[in-house]
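# Tertiary structure, described
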Amino acid sequence: MMRGRRPGLDVSMLFELLARRARDQGDGETAERSSTPDDLLLSTSDKIDVIQALASYNARRVKQMILAINALIILSIINNVIFDRGLWLSLAAGTVFCVLFLARRYYDTDRPSAAQFIFLWTIFGAVTYITWAGDGLRDQIIVGNAVVLVFSAILATPRHFLVMYMAVILNTIALGLANEFGWVDYTHFAFDWSNVGDAVMLYSVTAVTVFILAYDMRQLLARYNKEYRKAKASEDEIFRLANHDTLTGLPNLFMAEKKYRDEISGRHGPKASVLMVGLDNFKTVNDSLGHVFGDSVLKMISTRLADVAGKAFLFRVGGDVFGLMCTEATTPEAVAALADRVQKRVSAPLEAGGHVIMLTCSLGGAIRANGSVTFEHLRREADIAMYRAKSVAPNTFKLFDETMNNQVLASASMAAQLRTAIEKKQFKLFLQPKIDLESGKIRGAEALLRWFPEDGPPIRPDVFIPVAEDTGMIIEIGAWVIQEACRQCKEIQSLGHTDFAIAVNISAIQFKRGTLESIVMDALDSCGLSPESLELELTESLLLEDEYDIKGQISRLAAQGISFSVDDFGKGYSNLGNLGKFDVATLKIDQSFTFAMFDSAQDLALVEAIVRMAKALGLKIVAEGVETQRAASMLSLFGVDSGQGYYWSKPLPESDFVQYLDAYDGGKAKSA
Ligand code: C2E
Ligand code: MG
Ligand code: MG
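The structure contained in this document is the topic of the report that follows. Since the model is a prediction, treat every value here as computed from it, not as a measurement. (Residues numbered from 1 in each chain as written. Chains lettered and ligands numbered in written order. Predicted model: local features only at pLDDT ≥ 70, side-chain atom pairs only at ≥ 80, totals over all residues. Heavy atoms only, no water.)

### Comments concerning the site of ligand 1
Lining the immediate surroundings of ligand 1 are 23 residues, of which Glu446, Arg450, Asp567, Glu627 and Tyr646 lie closest. Those elements giving two or more residues to the shell around ligand 1 turn out to be strand S9 (442-451), helix H16 (461-471), strand S12 (563-569) and helix H22 (591-596). Per-element tally for the shell around ligand 1: the top contributor is S9, with four residues. Per-class residue counts for the shell around ligand 1 are nine nonpolar, six polar and eight charged. (Near = heavy atom within 4 Å. Helix = DSSP H or I, 4+ residues; strand = E, 2+ residues; numbered from the N terminus. Nonpolar A, V, L, I, M, F, W, Y, C, P; charged D, E, K, R; others polar.)

### Topic: the coordination of the magnesium ion (ligand 2)
For the magnesium ion (ligand 2), the full set of protein donor atoms is Glu446 (OE), Asn505 (OD1), Glu537 (OE) and Asp567 (OD), and the range of their distances to it is 2.1 to 2.2 Å. The distance between the magnesium ion (ligand 2) and the magnesium ion (ligand 3) comes to 4.1 Å, and Asp567 binds to both of them. In this pair, Asn505 is assigned in strand S10 (residues 501-505) and Glu537 in strand S11 (residues 534-539), connecting sequence segments 32 residues apart. Taking the relative accessible area as the measure of exposure, Asn505 reaches 28% and is therefore partly exposed. Among the residues examined, Glu537 registers a relative accessible area of 1% and is labelled buried. (Donors = N, O, S within 2.8 Å, 3.2 Å for Na, K, Ca; no water. Buried < 20%, exposed > 50% of the residue type's maximum accessible area, 1.4 Å probe, protein only.)

### With respect to the pattern of salt bridges
Tallied over the entire structure, the rule returns 25 salt bridges. Ionic pairing is found between Arg316 and Asp245, a salt bridge with its closest N-O pair at 3.0 Å. Highlighted residues: Arg316 in strand S2 (residues 313-318) and Asp245 in the loop between helix H9 (193-243) and helix H10 (253-263), separated in sequence by 71 residues. Considered together, Arg316 and Asp245 belong to a single accessibility category, that of buried residues. Notably, a salt bridge pairs Arg556 with Glu517, separated by 2.9 Å at the nearest N-O pair. Separated by 39 residues along the polypeptide, Arg556 in helix H20 (residues 550-559) and Glu517 in helix H19 (residues 516-527) bring together distant segments of the chain. When its relative accessible area of 22% is taken as the criterion, Glu517 is described as partly exposed. (Salt bridge = Lys/Arg side-chain N within 4 Å of Asp/Glu carboxyl O.)

### Some details on the state of the cysteines
Think of a disulfide as a covalent bridge from one cysteine sulfur atom to another cysteine sulfur atom. Under the criterion given, the structure shown has zero disulfides. Lacking any disulfide linkage, Cys527 is separated from the closest cysteine sulfur, that of Cys486, by 5.2 Å. (Disulfide = S-S within 2.5 Å.)

### So, a nonpolar patch on the surface
There is a patch of nonpolar side chains on the surface, built from Leu162, Tyr165, Met166, Ile169, Leu170, Ile173, Leu177, Phe181 and Trp183 and spanning about 910 Å² of accessible area. Note on placement: Ile173 falls in helix H8 (residues 158-181). On the accessibility criterion, Ile173 (46% relative accessible area) is partly exposed. (Patch = residues over 30% accessible without salt bridge, like charges linked within 9 Å, V, L, I, M, F, W, Y side chains within 5 Å. Areas by Shrake-Rupley, 256 points an atom, 1.4 Å probe, with all protein chains shown as cover.)

### Things to note about the sheet that holds S11
Taken together, eight strands build a closed barrel; the order of strands is S8-S9-S10-S11-S12-S13-S14-S15 and the barrel is mixed. Note: strand S14 (residues 620-623) against strand S15 (residues 642-643), two bridges, orientation parallel. When the sheet's bridge partners are listed, Ala623 is paired in S15 with Gly643. Docked against the sheet, helix H15 (residues 402-423) engages strand S8 (427-436) and S9, running at close to 120° with respect to S9. (Pairing = 2+ DSSP bridges. Contact = heavy atoms within 4.5 Å. Axes fitted to C-alpha atoms, helices over the stretch in contact; angles between N-to-C directions.)

### Observations concerning the coordination of the magnesium ion (ligand 3)
Within the protein, the magnesium ion (ligand 3) binds to Asp567 (OD), Asp568 (OD), Glu624 (OE) and Glu624 (OE); these donor distances fall in the range 2.0 to 2.5 Å. Counting residues between consecutive donors of the magnesium ion (ligand 3) along the chain gives the motif D-D-x55-E. Relative accessible area serves as the criterion here: at 9%, Asp567 is assigned to the buried category. Under the relative-accessibility criterion, Asp568 is labelled partly exposed at 22%.

### Side note on the side chain of Gln493
Structurally, Gln493 is set in helix H17 (residues 474-494). Residues contacting Gln493, with those up to four places away along its chain left out, are Thr498, Phe500, Leu529 and Ser533.

### Describing the pairing of strand S3 (residues 321-326)
Across the six residues of S3, six count as buried, placing the element largely inside the fold. Where burial is concerned, the two faces of S3 agree: the one with Val321, Gly323 and Met325 and the one with Phe322, Leu324 and Cys326 are both buried. As judged from the six bridges shared by strand S1 (residues 273-279) and S3, these two strands associate in the antiparallel manner. Its bridge partner being in S3, Val274 is matched across the sheet by Met325. Note: S2 against S3, five bridges, orientation antiparallel. If you follow Leu314 over to S3, its bridge partner there is Leu324. In textbook terms, the turn of a hairpin is the stretch between consecutive antiparallel strands, and for S2 and S3 this stretch comprises two residues, one of which, Gly319, has a positive phi near 55°.

### Points about the environment of Glu438
Tracing the chain through its elements places Glu438 in the loop between S8 and S9. What makes Glu438 exposed here is its relative accessible area of 76%. Taking the C-alpha atoms as reference points, Glu438 and Ser642, 204 residues apart in sequence, are found 7.9 Å from one another.

Laid out in structure tokens, this is it:
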């Protein structure tokens, strides 16, 4: 598992984000409609907010208008008294005053509909009364009906407004009829200054009303604009998240594909190439130094890649893989030159969190052969080339060619062949002795798996174990290995080598599946082997797993008497301090140290330092890859407990191993 992996958002994640945003904002109905552009700008709940804001603006304004109208009514009563326009008119004005006051109270007691109803019909009633009692259709107050209609259009519901409108029209017709048929006498119309007062008041009310309503509208528009900007900003953020990798901020695969579609694809599109950049052994960096460190390394690498990318489009595929899409470098030579620049830049020493590390990368390139090639196709070819490069050696570049496709197919066919191998029992377990460097005695052996296909040469575990791990078949194969190792060990013990112990390599997948404990205990039971005769070899990176209760599994098996060793120690970014937390008894120094021991004083010092530190932690030490007497002597001198290697014996089939055991006199070891 690549724990530093932070995949960029893809399309499905974008939709998930949109749906989540809608869910957060309201009910399910909103969620279903949330992907329409309108809703992105102003969601339903935003709209409800605007309507509520409008209602509260209206209530406040109507209350202010009632106050103003009531003030005008008082002035009008004074006007009536001064110009002696009669008591009835003043009484009517007083009634209107009281009713409007009541409407204002309704607003205060949270009954805005009733308040609006009273307000509108009172104004209408007053205007009607004055016109009927005054000069009919020629009365200036008749203009008040226009004001009533403006108010009702703004305040009332559409149905209420329609009723009001009909009332105004019917009233106007009724006044006309009254004039026509002389029901009321309107012939006495004559000017006096109170008419001017009425007109001024009427126009003032209209002007102020329209002004404040327009002001309210402006306020609402400003608020709407603010909401719009907020919605737009979150829309931009969603776009950014969906198209960029969150850790490095680089465009993601989705964005790269979009760019390819927009600018490159098609028959007349420019020539293009894709270069995949995969960091070598990044998992080890992550496992040994933690993901926080791993994340900062990825960020630094992304900056370095941006430095050398030039006009190429840089994107992150995910985990430790980046991509470059170019329309400039489109010949094999140009792509190789770009790959070379990337390799040089990436491999410069990196400093982060107090550590200095050196990373390399493997690169795979693919060039667009013709217009029909899709981004996915080109990327896949570059990917295949990158994995091919990785399999050759770290820090390698490979350009895709058709033969690579065949190799991919070969790996797929190996998976199929492995299935047959399990069914046809084509596996054998070889044994390689482990020698006690002090006494020269054989302490036990490591069980190493061999595959003998029916129609071909034997296949090395290095080749097929990764395929078995990828396909999960390692569970079945590993269970067989444990069973067979226990059987062989018991067999050898029964031949008189009673102290003989066997070591079995365990894949991380076997631990993660959670069935290892029962498989091991069942195998011991069925063979009648004591747990002390079994050792399990695991990889160091497994001890850095947080999940799967690895520590618990090891402790429980160790409590039964089974011992554990860490294989290939020193291969990655090793962490001796971490070993102390686990029930691990032995450290197997990786054979690369043994091979390099005499290359330089530094390598020799390194082996010595590892041995000293491991001893300080109370661990036993096994050295792998011992091919010469000189190496065996030196390791013994350093205090290494056991050795394993071709100097004593290659891994042997069971029967040959038994012969070797019987013939072994410890001479070689003693001579060391
Ligand atoms: P390993 O566990 O580190 O095993 C040691 C490897 O080094 C073996 O390769 C062994 O043949 C080889 N070797 C031993 N002495 C010398 C030496 O003096 N010189 C050189 N050059 N090589 C030496 P082998 O058998 O090809 O196994 C390769 C790896 O495959 C093993 O490395 C182990 O990680 C894995 N493997 C083997 N059997 C199993 C198995 O049953 N289960 C699992 N999960 N992995 C296995
Ligand atoms: Mg091993
Ligand atoms: Mg090893």
